[in-house]
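# Results of the structural survey
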Amino acid sequence: MAFVIYLLLSVCLISAQESIIIHGYKIVNTFPHSSQDFTQGFLIKGSSIYQSTGLYGKSELQQLDLLDNSKIKSKPLTSNYFGEGLTDLNSKLYQLTWKESNMMVYDIETFNLIETVQYPDILKEGWGICSDGSYLYISDGSNKIYVMDPEDYSIIRTIFVTSLGNRIAKINELEWIDGEIWGNIWYEHYIIRIDPSTGNVNSWVNLNGIDQVGEYNSWNGGDVLNGIAYNTGNIYVTGKRWNHIYQIELEGTT
Ligand code: DDQ
Ligand code: CA
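A few words on the layout of surface pockets. Here the largest pocket is characterised by a volume of approximately 210 Å³. Lining the largest pocket we find 14 residues, and of these Asp88, Ser131, Glu175, Trp176 and Tyr230 sit closest to its centre. Within the residue set of the lining of the largest pocket, elements represented by two or more residues are strand E2 (39-45), strand E6 (83-89), strand E10 (129-131) and strand E16 (171-177). Its residues placed into classes, the lining of the largest pocket shows eight nonpolar, two polar and four charged.

Okay, structure coming up:
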């Protein structure tokens, strides 16, 4: 009897491990986005977008109006910097750079540069960043997400991201959403929803088809899905040099 129960339990556990929820999506609103902007970091607060753009010589920190994409203010990075992820924490904005090992810290109201922080040695590249309101969470293009203390910029923990035991690499733009880290995968149409305490992927969001013809210039030229923002219960996604921002709602398992 005990053996039968053991057998049944292990079958249940194995099958539970082999399936994972993959959400579909529905577009509930569409907003304009500039095809000039190589979006690398993306967040929305109130009616403003805060965006970090990439490419050498074209990288900026921007505040844009969500409704018409008009520029409220912007600050260019010097041409030796390739802008990457962006997040806010305690009235400051934190902007990563790709291979330049520097993070810019700005006053969110004035865009005045407060300081330029040298990456800790463990962080080789800057890709995405988000915050839970206390700490900074930084991806570097691998399956790792580093938890950084904003007081002294030390890395206090490393999260190893796996889905059903498999490492998921190329995690790019991030967003903290209701206790999960959402990250889009570079050159994929997928978002993973990560449990920050374990690194396990709770579920996937399949965004196939969201970039219709004409949405961007060239997927092969780098214009891939990149940018998740969460504001008062609403979820927005966009891409590098995409023409639109999509407000989406998730659908159940597909
Ligand atoms: N990263 O954001 C994934 C970290 C780096 C993206 C670099 C993409 C370069 C594309 C260059 C296209 C030139 C037209
Ligand atoms: Ca984001």
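There is more to say after this.
Quick look at the environment of Thr97 now. In this structure, Thr97 sits in strand E7 (residues 92-97). Residue class for Thr97 comes out buried when judged on its relative accessible area of 0%. Each C-alpha atom, one on Thr97 and one on Asn80, is 9.8 Å from the other, the two residues being 17 residues apart in sequence.

Here the focus is the site of ligand 1. In the vicinity of ligand 1, the residues found are Phe38, Gln40, Phe82, Glu84, Trp98, Trp127, Asn172, Trp186, Gly221, Lys240 and Arg241. Contact distances for ligand 1 include 3.0 Å between an oxygen atom and a side-chain N or O atom of Gln40. One of the side-chain N or O atoms of Lys240 is found 3.2 Å from an oxygen atom in ligand 1. Here ligand 1 has 440 Å² of accessible area as a free molecule, and 72% of this is covered by the chains.

Now for the sheet that holds strand E8 (residues 102-107). Spatially, four strands are ordered E6-E7-E8-E9 in an open sheet, and the strand pairing comes out antiparallel. Edge positions in the sheet fall to E6 and strand E9 (113-118), since each has one partner strand and no second. The average angle at which neighbouring strand axes cross in this sheet is 20 degrees, direction not considered. Pairing geometry for E7 and E8, over five bridges, is antiparallel. Following the sheet pairing, Leu96 is matched in E8 by Met103.

This next bit is on the pattern of salt bridges. For the structure shown, the criterion picks out five salt bridges. With a shortest N-O distance of 2.8 Å, Lys45 and Asp88 are connected by a salt bridge. With Lys45 in strand E2 and Asp88 in strand E6, the pair connects residues that are 43 residues apart, well separated along the chain. Accessibility expressed as a relative area gives 22% for Asp88, which makes it partly exposed. With a closest N to O distance of 2.7 Å, Glu180 and Arg193 form a salt bridge.

This brings us to the coordination of the calcium ion (ligand 2). Within the protein, Phe42 (O), Glu173 (OE), Glu173 (OE), Leu174 (O), Glu175 (OE) and Ile228 (O) serve as the donor atoms for the calcium ion (ligand 2), at 2.4 to 2.8 Å. When the donor residues of the calcium ion (ligand 2) are listed from N- to C-terminus, their spacing reads F-x130-E-L-E-x52-I. Separated by 186 residues along the polypeptide, Phe42 in strand E2 and Ile228 in strand E20 (residues 225-231) bring together distant segments of the chain. Of the two residues, Phe42 and Ile228, both sit in the buried class.

What follows concerns the pairing of strand E4 (residues 60-65). Most of E4 is tucked away, with five of its six residues classed as buried. Of the strand pairs in this sheet, strand E3 (residues 48-53) and E4 are connected by five bridges, and their pairing is antiparallel. Pairing of Tyr50 across the sheet is with Gln63, part of E4. If you look at the hairpin formed by E3 and E4, you'll find six residues sitting between the two strands, and Leu55 has a positive phi there, around 80 degrees. Judged from the five bridges that link them, E4 and strand E5 (residues 71-76) form a sheet pairing that is antiparallel. Bridging across to E5, Gln63 finds its partner in Lys73.

With that settled, consider the sheet that holds strand E11 (residues 136-139). Judged by pairing direction, the sheet is antiparallel, and its four strands sit side by side in the order E10-E11-E12-E13 without closing on themselves. Of all strands in the sheet, those bounded by a partner on one side alone are E10 and strand E13 (155-160). Each adjacent strand pair in this sheet contributes to an overall mean axis angle of 25 degrees, direction not counted. By the bridge criterion, three bridges tie E10 to E11 in an arrangement that is antiparallel. Directly across from Ile129, in E11, lies its bridge partner Ile138.

Rules used in this analysis
Residues numbered from 1 in each chain as written. Chains lettered and ligands numbered in written order. Predicted model: local features only at pLDDT ≥ 70, side-chain atom pairs only at ≥ 80, totals over all residues. Heavy atoms only, no water. 1 Å grid on protein atoms, 1.4 Å probe; cavity = no way out; pocket = protein on both sides within 12 Å on 5 of 7 lines; lining within 4 Å. Points joined across faces, edges and corners; volume = space filled by probe spheres on them. Helix = DSSP H or I, 4+ residues; strand = E, 2+ residues; numbered from the N terminus. Nonpolar A, V, L, I, M, F, W, Y, C, P; charged D, E, K, R; others polar. Buried < 20%, exposed > 50% of the residue type's maximum accessible area, 1.4 Å probe, protein only. Near = heavy atom within 4 Å. Polar contact = N/O pair within 3.5 Å; in protein donor to acceptor, adjacent residues only side chain to side chain. Areas by Shrake-Rupley, 256 points an atom, 1.4 Å probe, with all protein chains shown as cover. Pairing = 2+ DSSP bridges. Axes fitted to C-alpha atoms, helices over the stretch in contact; angles between N-to-C directions. Salt bridge = Lys/Arg side-chain N within 4 Å of Asp/Glu carboxyl O. Donors = N, O, S within 2.8 Å, 3.2 Å for Na, K, Ca; no water.

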